[in-house]
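# Inside the fold
Single-letter residue listing:
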Amino acid sequence: HRSKQYLGALPVEFHPVAGMNTAEIAALIRQEHLHSGVPVACVVLDYLQLIQGDKAKKYANRNEEIGEVSRGLHQIATELNIPMLILSQLNRNAADKAPTMADLRESGSIEQDADAIILLHRPAPDKEKMEENPVSFDAFLNIVKNRDGKTADINLSWTPEYQLFRETRKQE
């Protein structure tokens, strides 16, 4: 028997992390664990490029800083044994095509440090399809890296009224 759980029923905490560095984020996670007495089950960071590198260091460029942030977050996840879902910006040139790992903004280290990379893409809407069904449109989920499993391209249909993506089967 499967039961549905809704976000409102789950113990979720929101903390602004913009401008924080990885040491501050690790301290926040540890503090949350100690405060609640319940291990943190998952960390979601929105988004990688808002996190700062070590404030005492001088970086040659932003790519180097983001690389250190990426490595630091990977170390935190490994040390605390918790999954992290980290959102990232893509380069601007990814807007008109299906994105690839090379489109991850500001660092090749993201590719190296991530256990999985999932890219969501929604092409420009097909006007004819939109006229037929204005509340649903296509999107694509590309699992382009997965250390512990398979990669895949998954077709999705989005229904805004329910804030829901559903897998759709390819037309054969």
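These remarks concern the structure in this document. What you see is a predicted model; the values in this text were computed from it and never measured.

Now for the side chain of Asn 142. Take Asn 142: it is sitting in strand 4 (residues 137-146). With a relative accessible area of 9%, Asn 142 lands in the buried category.

Attention shifts here to the pattern of salt bridges. Considering all chains together, one arrives at 6 salt bridges under this definition. Between Asp 103 and Lys 97 there is a salt bridge, with its nearest N and O atoms 2.7 Å apart. A residue is classified by how much of its surface remains accessible, and Lys 97, at 33% relative accessible area, is partly exposed.

Along the chain, Asp 46 connects to Tyr 47 via a cis peptide bond; the corresponding omega equals 10°. Secondary-structure assignment places Tyr 47 in the loop between strand 1 (43-45) and helix 2 (62-80). Within the chain, Asn 81 stands out as a residue other than glycine whose phi angle is a positive 55°. Within the fold, Asn 81 resides in the loop between helix 2 and strand 2 (84-86). One non-glycine residue, Gln 163, adopts positive backbone phi at about 50°. On the secondary structure map, Gln 163 appears in the loop between strand 5 (152-159) and strand 6 (164-167). Classification of Gln 163 by relative accessible area gives exposed; the value is 58%.

Of all hydrophobic cores here, the largest spans 23 residues; its most connected members are Ile 25, Ile 29, Val 43, Leu 73 and Met 84. With 5 residues, the single largest contributor to this core is helix 2. In this structure Ile 25 touches Val 17, Met 20, Ile 51 and Leu 73, once residues within four positions along its chain are discounted.

For the pair helix 1 (residues 22-36) and helix 2, interaxial distance at closest approach is 9 Å and the crossing angle is 25°. As far as their axial angle goes, helix 2 and helix 1 are roughly parallel. For the pair helix 1 and helix 2, the sense of crossing is right-handed. Facing Thr 22, Ile 25, Ala 26, Ile 29 and Arg 30 of helix 1, the residues of helix 2 in contact are Val 69, Gly 72, Leu 73, Ile 76, Glu 79 and Leu 80. Tallied by class, residues from the contact of helix 1 with helix 2 come to 7 nonpolar, 2 polar and 2 charged.

When strand 5 meets strand 6, the two strands line up antiparallel, connected through 4 bridges. Among the inter-strand pairings, Leu 156 is bridged to a residue of strand 6, identified as Glu 167. Following strand 5, the chain reverses through 4 residues before pairing antiparallel with strand 6; Gln 163 in that reversal takes a positive phi of roughly 50°.

On to helix 2. For helix 2, with 19 residues, the first-to-last C-alpha span of 27 Å sits near the 27 Å given by 1.5 Å per residue. Looking at helix 2, one finds that the buried residues are Glu 65, Ile 66, Gly 67, Val 69, Ser 70, Gly 72, Leu 73, Ile 76 and Ala 77. Here the buried face of helix 2 lies against helix 1, strand 1, strand 2 and helix 3 (109-113). The opening residue of helix 2 is Asn 61, an N-cap whose side-chain oxygen sits 3.1 Å from the backbone nitrogen of Asn 63. In the segment just after helix 2, Asn 81 is the residue with positive phi, at about 55°.

Analysis parameters
Residues numbered from 1 in each chain as written. Predicted model: local features only at pLDDT ≥ 70, side-chain atom pairs only at ≥ 80, totals over all residues. Heavy atoms only, no water. Helix = DSSP H or I, 4+ residues; strand = E, 2+ residues; numbered from the N terminus. Buried < 20%, exposed > 50% of the residue type's maximum accessible area, 1.4 Å probe, protein only. Salt bridge = Lys/Arg side-chain N within 4 Å of Asp/Glu carboxyl O. Core = buried A, V, L, I, M, F, W, Y, C linked by side-chain atoms within 4.5 Å. Contact = heavy atoms within 4.5 Å. Axes fitted to C-alpha atoms, helices over the stretch in contact; angles between N-to-C directions. Parallel < 35°, antiparallel > 145°, perpendicular 65-115°, else oblique. Left-handed = near helix turned anticlockwise from the far one by under 90°. Nonpolar A, V, L, I, M, F, W, Y, C, P; charged D, E, K, R; others polar. Pairing = 2+ DSSP bridges. Expected span 1.5 Å × (residues − 1). Polar contact = N/O pair within 3.5 Å; in protein donor to acceptor, adjacent residues only side chain to side chain.

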